4 protein chains.
Amino acid sequence: MIVEMRRGAAKEQVDQVIARAHKNGCEVQLNIGTDKTVVAILGSDTGRIPTELFAVLPGVESVTRIMRPYKLASREFKDEQTLVHIGDIVVGGPQLVIMAGPCAIESHEQLLKTAQHVQKAGATILRGGAYKPRTSPFSFQGLGETGLGLLDDVRQKTGMPVISEVTDPHHLDGMVGQVDVLQIGARNMQNYSLLRAVGQTGKPCVLKRGLAATVTEWLQAADYLLASGESQVILCERGIRSFETSTRFTLDISSIGVIKQSSHLPIIVDPSHAAGHYQLVPTLARAAVAAGADGLLIEVHPDPANALSDGLQSLTFNDFTRLMGQIGAIAAALGRTM
Amino acid sequence: MIVEMRRGAAKEQVDQVIARAHKNGCEVQLNIGTDKTVVAILGSDTGRIPTELFAVLPGVESVTRIMRPYKLASREFKDEQTLVHIGDIVVGGPQLVIMAGPCAIESHEQLLKTAQHVQKAGATILRGGAYKPRTSPFSFQGLGETGLGLLDDVRQKTGMPVISEVTDPHHLDGMVGQVDVLQIGARNMQNYSLLRAVGQTGKPCVLKRGLAATVTEWLQAADYLLASGESQVILCERGIRSFETSTRFTLDISSIGVIKQSSHLPIIVDPSHAAGHYQLVPTLARAAVAAGADGLLIEVHPDPANALSDGLQSLTFNDFTRLMGQIGAIAAALGRTM
Amino acid sequence: MIVEMRRGAAKEQVDQVIARAHKNGCEVQLNIGTDKTVVAILGSDTGRIPTELFAVLPGVESVTRIMRPYKLASREFKDEQTLVHIGDIVVGGPQLVIMAGPCAIESHEQLLKTAQHVQKAGATILRGGAYKPRTSPFSFQGLGETGLGLLDDVRQKTGMPVISEVTDPHHLDGMVGQVDVLQIGARNMQNYSLLRAVGQTGKPCVLKRGLAATVTEWLQAADYLLASGESQVILCERGIRSFETSTRFTLDISSIGVIKQSSHLPIIVDPSHAAGHYQLVPTLARAAVAAGADGLLIEVHPDPANALSDGLQSLTFNDFTRLMGQIGAIAAALGRTM
Amino acid sequence: MIVEMRRGAAKEQVDQVIARAHKNGCEVQLNIGTDKTVVAILGSDTGRIPTELFAVLPGVESVTRIMRPYKLASREFKDEQTLVHIGDIVVGGPQLVIMAGPCAIESHEQLLKTAQHVQKAGATILRGGAYKPRTSPFSFQGLGETGLGLLDDVRQKTGMPVISEVTDPHHLDGMVGQVDVLQIGARNMQNYSLLRAVGQTGKPCVLKRGLAATVTEWLQAADYLLASGESQVILCERGIRSFETSTRFTLDISSIGVIKQSSHLPIIVDPSHAAGHYQLVPTLARAAVAAGADGLLIEVHPDPANALSDGLQSLTFNDFTRLMGQIGAIAAALGRTM
C-alpha cells in the first residue's frame, strides 16, 4: 500500500502513518521527495487492510493499494487451478461443461422433456429454478418446494446432476439433499448471510457476478464462500450493467481472461441473461467458449412462447441443438473436449 | 403496451398477439401501416404485464411499455404524498429530517457522545449499524446483538428514535423492539426474502437504492415492501455506480426530482456513502437539500481516524455542526424548516 | 411514435398533438382509454422526427419511439449486406479480414518489418497511425506527414493496402492519395465536420464506436457518412466505458450480433484498444471471431517495450502469429475463410 | 509512480525498470519484500510519464500512478484560483454568473426577446448556438454565419457578452470577432485539433465535460487548451452517461467538489443538457449552486413548444424568472452574490 502525503505535511503526520502501519504488523519504507513524502506500507498481508485506515489520517493525500483486496480466491494464494467435481463431471479442466434447462420449473413434463433433450444434445448438468427472484412482486415467483421435488425426480430419471438457485438461507435445508450445485444469483452476490450459509454446506456452488460488481468485488464475494469452508466455487459471468440498452446486460467477455489470470477458480458464462433475447444467445455463447470459458449455463424451454418466466431469452430445442454443434466445433478448434 | 410486428408478419401472428392480449384482460387497437402493423395493448393494469409475454411471440419486432412497471409506489396509484411517522417526526412534510450517527456502533461511549452531539446540532434521528455488510469477509462485521442493546440504551437516554440496518430476516425478531426505523442497504435492494420480511413488520423503513438499480427497479423493490402490507417506506438515494472514480459512487442528484414526479414516497439522501470521503460530504449534502430531498442520512464519528468502519467518509463533530448551519440556511431559503 | 397524454389532458391538448403530426406528414390513430389517451403517430418516416417535437407539447406525459432514429445504415432501408472493397479485399463477405500493424508509425524500418511479418502471418491490410489523438498534450503525437510518406512507401513495397486515422479535415487532402482506408477514431465519432468531410472523399472508411455511444448513436454517426455520399463504411467495435477497471474498456461483444440484425454494414473488432493489455488481446480476438465479426484490427509491434505509443497493448510478432493460428481454426469451425 | 514486479521477477527485470526510470530523469527507491519487489519512481514530473512505459517491461505486474496525469490545470501547478474575465464579469469569484439563452439561434426576434428577458431576470451572459452538432444528420443544424450575425447584433443592442459553440477550427476566424466566449461541446472534448485551435485564440472558453470523460481526462483536455497559451478556461459539467434513463444524462454533482479540490479553474453547470427535460432543470440548477458551482448555463426559449432544437429542455421566460429567485436565495444563504 502506498500512502502519499500532502505537500507540506508535518513530520508528526508522517509519524502517525508509520505508527499505524507498525501497529498493523507492516513494514514501512519512506520516500522523501522534494515535493512530497510517500510512505510504502509493506507486508505479505496488506491486501486485507482497508486503504481507509491510512486515508483517514491527517495530512494524507491518497492511498493506493498494490496487493489485491481478495485473498483466498487469488492465484497468489493458490496458484493451481481449482477443479470442481459434480458427480463424474469436472469443471475447470479440459472438458467444456454445459448446464442447460428451463429458467423456472413449471411442470414435471416440461422439466423431463427439456432434460432429455439437452442431455441428448450434449449438456451434462440440468438447470431449473424453484425459487425465482423477480424484479416485480407481481411476477411468477417459482414453484418452491414442489419445484424441488420435480427436479429431484427428473435428476433420478435422467441421471443428470442438477443446479438450482438459492435465494434464502432458510431454503438450504430442503435444497441440500435434492440439488447438486447451488446457484447464487447476481442480485445476491453481496448477500453475505446467504454466502456464509451456502459456504457452510460445502456443496459445489456457482457464484454469479453482481450486475454492478467489479471483478475484484466478485472475488471478494468468493472469499466469503471460501472463508466459510467452501472449496468448490465456480464463477459465472452473466453481464454487467452499462449504458447500452440493445441487450439486457453487457456481457463482459474480457472478465474470462481477467479471472484466468487473477484466480484459480473456474469460470462459466450465462449467455441467456446477458443477452435477454434468444436471437443473441448463440453469438454470446460462441464468444464465451472462444474466450476460454470452462462452461456455459443456458436457458432452454420446450415452448418459449408460453414460458412462465424468461421465455424471451430461452432457446428452443432446435436452436439449442444447432448451437451445441457450433460450440463443439469451436471447442475442438481450441483443443477442448465436450 | 405497444407491440410492433416485423415487416411482412403474417396475419396469424398478429392474431396470436391479439389473443394473448385478450387472455390477459386487455383491449387491443390495431394500427395497420403500409410498412408494418402496430398493436396497442390497452388496459389500466398493463404495467404489471411483462413485455416478454408479447416479445416472445413469432413475428414480433419489439414491445414498448407505456405504463410504468411499478404500481403501488407510483403517483398514478396514490397521488397524495406519503408521510412517514417516526415518533413525533414526520418524513415527507415541510420539515427536513436529519438522521446522523456512526456507521458502526463501536461502544456505548462512542454512541452516546455522538448522539448527544448530533442532537444538539439539530439531528432528530440517530443512526448506528449493528450488522455491517462488508465487501471483504476480513473486515469488521459489526457488534450484532450487543450493538442493538447499546443502541436501545442510547435511544432511551436521549429520546432519539434510531435507525439501523437489517441484513438478514433472522435478525428481525431482535430488532423490531429496539429499532424505530429499519434500513435496507443498497446491496440488499433486490433481496426479496428480506424485503418481504421487513414489509411484514409494518415498521417504518428506509430502502436504499441499489448501486446498479434504475429508478424504476428501485420503485419495483418498494412495491415488494408495499405489497407485504408496509406503508411507511422512505427511499434513500446513495449514489450509483458509474465509470467515474474520483468519488466512491456517483450521487444521482436528478433522482430526487424524478422520484418527486413519479412516486408518493418521501426521499432522503445519504451523502456519506456516495462521496466516500468526508471532504466531499458537505457538497453533496447541500446539493441534496437544494434539490428537494426530504432529509439526509449522514455518518458522524467522534474520532473518524480511529473508526472501525467508514471512518474516511465520517464527519467530525465540528464538521457536522458547520454543515448543519449551511443546510439550515438553504432549507430556509427554500421555505423548509429543520 | 407513441404519444401518451397525461391523465386528464384536455381535448385541445390532444388536438395540438394531432395537428403537429399532420403538419409533419404523419397519420394519427387515437386510443382513448379510461385512464388516459394515447396517440399513435404513424408514417414510414417517423424515425427521422425527434420525439421532442411531441414531448414538449402541453399535456404530454411521454413519447416513445418505435422506428429507429437511424435510416441509411439500417436493414430496413437496405436489406442486402454491404460489401466494402479495398483493392481485391472484400470486407463483409465470407472472408475474415485482418488489419494489423503498429499503433503509431515510428520509422521506415519499424513499419516495413511489421508489415512483412503480419503479411506473412495472414493479415491483408496494414495499419499505422500518422496523426495520433492522445489524451495528454505531453504524449507523442505521431509523425504526421512524414509518417504518411513512410506508410505509402511500405504500401508500395509490400502491396498491402493501408489504413490510417484521420483526426482533422485539413489532413484529408494529403491522406486521400496515400491511404486506402480512412479511420475515424472513437473520440471523433460525433465530430460531424470530420464525418462529413470523410464522407465526401468516397474512400472506404472505418468508423469506430465512441466510448459512450449506444449502438443507435453509432449508426446515426454512420448516417452522417452515408448521407454525404459515402457507401463504403465499416463499423469497428473497440470497447465502451463501464465501471469495470480491470480492462481499459469493456468490449461490447454483443454489439456484433446487434449490428448484424440492425444494419447492412460490415463490422470488425479492435481487441487491442478494448483490452489495453497484450495479455488479454488474444482472448478478445478469438471471442470476436466466434461472435461473427467480419474482421479484426490489431496492434503489432516489433518491440512493444520500446514503442512510442500503446506498447502495452501491442502484440509481438510471435504472439501475433500464434493468435492467427487460433483465429484461423475458429473461422474454419464456423465456415469462414481467412 | 509505483512499479510492482511479479513474484519471482529476475534481477535483470528490476534493473531494466530502474534504467528506464533514470533515462526519464527520475529517481528510484527499491522496496524488496519477501514476496515481491516494488520500485518507487520518484520525481516532480512523473505525472507526465505514461504508466505504460513501465507496464510494458517484462516482469512487471502493475504500475500505479501517484501524481495525477494532468499538469497545467492542477492546483499543484497553480494553487491560486483562476478568475476568467468576460468584459466586466468575473467567473470564479464570489459572484455567481448566469449564462442563458436559446439552444439555437432561430431569428433576430427570438434572440433579442430572450436576451432582454434573461437580462432582466439577472443573467449576465447570453448563450445562442449558430453551429449545432446534432446526433442525426436529418436534424436542424443551426443558422451558421447568419446566426453569428444575429448574435452580434443582439450583443450590441443589449450590451450582454455572448457565448456560442465552435465545432470546427474553420469557423474560428468568423467567430473570434463576434463571440465573447467560445464553447467546446461535450462531443468535442477530445477533438484535439479543435482544442489547439481554440487555445491559440486566447479568448475565454468553456470546456464541457465529455459524456464518458473522467474528471482526470477532462482536466487533461483542459491541459491541451492551457498548453496552447490559453489561460481563460471555464469547465462545464453537463452530465455523464450512466445506466439510468429517467434523465438524458446523469449530472455528476460531485464533480464540482472534486474540481474545486484538484484544479484552479472555475466550474459552471449546464442543468439543461443533463436533465433533458424542463421539469427537472430547476432541481439540478438549485443543486449545482448549493454544491458550489461558479455559474450556470441554461437554455431559455420564448416558445419551447416551437423551438427548432432542444425545446424539451428549455425553460419558458416565467420558469426562468422563478428559478432565478430560488437560485438567488440559495446563493445568498451561502454568501455568494448574483
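Because the structure is predicted, anything quoted here is derived from the model rather than measured. (Residues numbered from 1 in each chain as written. Chains lettered and ligands numbered in written order. Predicted model: local features only at pLDDT ≥ 70, side-chain atom pairs only at ≥ 80, totals over all residues. Heavy atoms only, no water.)

J.: Account for the interface of chain C and chain D, naming residues and giving values.
T.: At the interface, 44 residues of chain C touch 45 residues of chain D. For the chain C and chain D pair, buried surface summed over both sides reaches about 4,000 Å², with 50% attributable to carbon and sulfur atoms. Inspection of the chain C/chain D interface yields two salt bridges. C:Glu217 serves as the salt-bridge partner of D:Arg241, at 2.5 Å between the closest nitrogen and oxygen. Linking chain C with chain D are 19 residue pairs in polar contact (both at pLDDT 80 or more), by the criterion used here. (Contact = heavy atoms within 4.5 Å. Buried area = accessible area lost by both parts, 1.4 Å probe. Salt bridge = Lys/Arg side-chain N within 4 Å of Asp/Glu carboxyl O. Polar contact = N/O pair within 3.5 Å; in protein donor to acceptor, adjacent residues only side chain to side chain.)

J.: Just give me the short version of the relation of the copies chain C and chain D, but keep the residues and values in it.
T.: Note on the copies: chain C fits chain D at an RMSD of 0.0 Å, the axial shift is 0.0 Å, and the rotation between them is 180°. Viewed as a symmetry operation, the transformation between the two copies matches a two-fold axis. In terms of C-alpha distance to the rotation axis, chain C has C:Ala212 as its closest residue, with the C-alpha 2.7 Å off the axis. Take the interface residues of chain C: 100% of them recur as interface residues in chain D, which is what a same-surface contact looks like. (Least-squares fit on C-alpha atoms with pLDDT ≥ 70 in both.)

J.: So, the pattern of salt bridges: which residues are in play, and what are the values?
T.: Here the structure, examined in full by the defined rule, presents 61 salt bridges over all chains. Note that B:Glu61 and C:Arg68 form a salt bridge whose closest N and O atoms lie 3.8 Å from each other. Of the two residues, B:Glu61 sits in strand S4 (residues 60-64) while C:Arg68 sits in the loop between strand S4 (60-64) and strand S5 (84-86), which places them in two different chains. Exposure remark for B:Glu61: the relative accessible area of 31% places this residue in the partly exposed category. Because the salt bridges share partners, they merge into one network encompassing A:Arg68, D:Glu4, D:Arg6 and D:Glu61. (Helix = DSSP H or I, 4+ residues; strand = E, 2+ residues; numbered from the N terminus. Buried < 20%, exposed > 50% of the residue type's maximum accessible area, 1.4 Å probe, protein only.)

J.: Provide a residue-level description of the sheet that holds strand S9 (residues 162-165) of chain A, including the pertinent values.
T.: Residue and element names in this part refer to chain A. The strand order around the closed barrel formed by eight strands is S7-S8-S9-S10-S11-S12-S13-S14, and the pairing between neighbours is parallel. Adjacent strand axes in the sheet meet at a mean angle of 25°, parallel and antiparallel pairs treated alike. Two strands pair when backbone bridges link them, and strand S7 (residues 97-101) and strand S8 (residues 125-127) are joined in this way by two bridges, in the parallel orientation. Residue pairing for S8: Met-99 is matched across the bridge by Ile-125. (Pairing = 2+ DSSP bridges. Axes fitted to C-alpha atoms, helices over the stretch in contact; angles between N-to-C directions.)

J.: Any details on the pairing of strand S1 (residues 2-5) of chain C? Residues and values, ideally.
T.: Residues and elements named next belong to chain C. Burial along S1 is two-sided: the face carrying Ile-2 and Glu-4 and the face carrying Val-3 and Met-5 are both buried. Bridge count for S1 against S4 is four bridges, and the pairing is antiparallel. Note on S4: the bridge partner recorded for Met-5 is Val-60. The pairing of S1 with strand S3 (residues 37-42) spans three bridges and is classified as antiparallel. In the sheet register, Ile-2 faces S3, and the bridge partner there is Ala-40.

J.: An account of the interface of chain B and chain A is requested, with residue identities and associated values reported.
T.: Listed per partner, the contact involves 45 residues of chain B and 44 residues of chain A. Seen at the junction of chain B and chain A, the total is 19 residue pairs in polar contact (both at pLDDT 80 or more). Listed by contribution, the elements that provide at least two residues to the side of chain B that touches chain A are helix H2 (52-55), helix H6 (192-201) and helix H7 (215-227) of chain B. For the side of chain B that touches chain A, the element with the highest residue contribution is H7(B), accounting for five residues. The residue makeup of the side of chain B that touches chain A, split by class, is 17 nonpolar, 15 polar and 13 charged. (Nonpolar A, V, L, I, M, F, W, Y, C, P; charged D, E, K, R; others polar.)

J.: Please give an account of the relation of the copies chain B and chain A that cites residues and values.
T.: Rotating chain B by 180° and moving it 0.0 Å along the rotation axis overlays it on chain A with an RMSD of 0.0 Å. Mapped onto chain A, 98% of the interface residues of chain B again fall at the interface, so both copies present the same surface.

J.: I'd like a rundown of empty space enclosed by the protein, residues and numbers included.
T.: Counted by the stated rule, this structure contains six cavities of 30 Å³ or more. Computed from the structure, the largest cavity encloses a volume of approximately 270 Å³. Grouping the amino acids of the lining of the largest cavity by side-chain chemistry returns 10 nonpolar, four polar and five charged. In this structure, the second largest cavity occupies an estimated 110 Å³ of space. In this structure, the second largest cavity is lined by 15 residues; those nearest its centre are A:Arg241, A:Ser242, B:Arg241, B:Ser242 and C:Phe243. (1 Å grid on protein atoms, 1.4 Å probe; cavity = no way out; pocket = protein on both sides within 12 Å on 5 of 7 lines; lining within 4 Å. Points joined across faces, edges and corners; volume = space filled by probe spheres on them.)

J.: Quick rundown of the domain arrangement of chain A? Include the residues and the values.
T.: Domain annotation for chain A reports domain 1 (2-64) and domain 2 (84-333). A C-alpha centroid distance of 43 Å is found between domain 1 of chain A and domain 2 of chain A. (Domains from an automatic or database assignment.)

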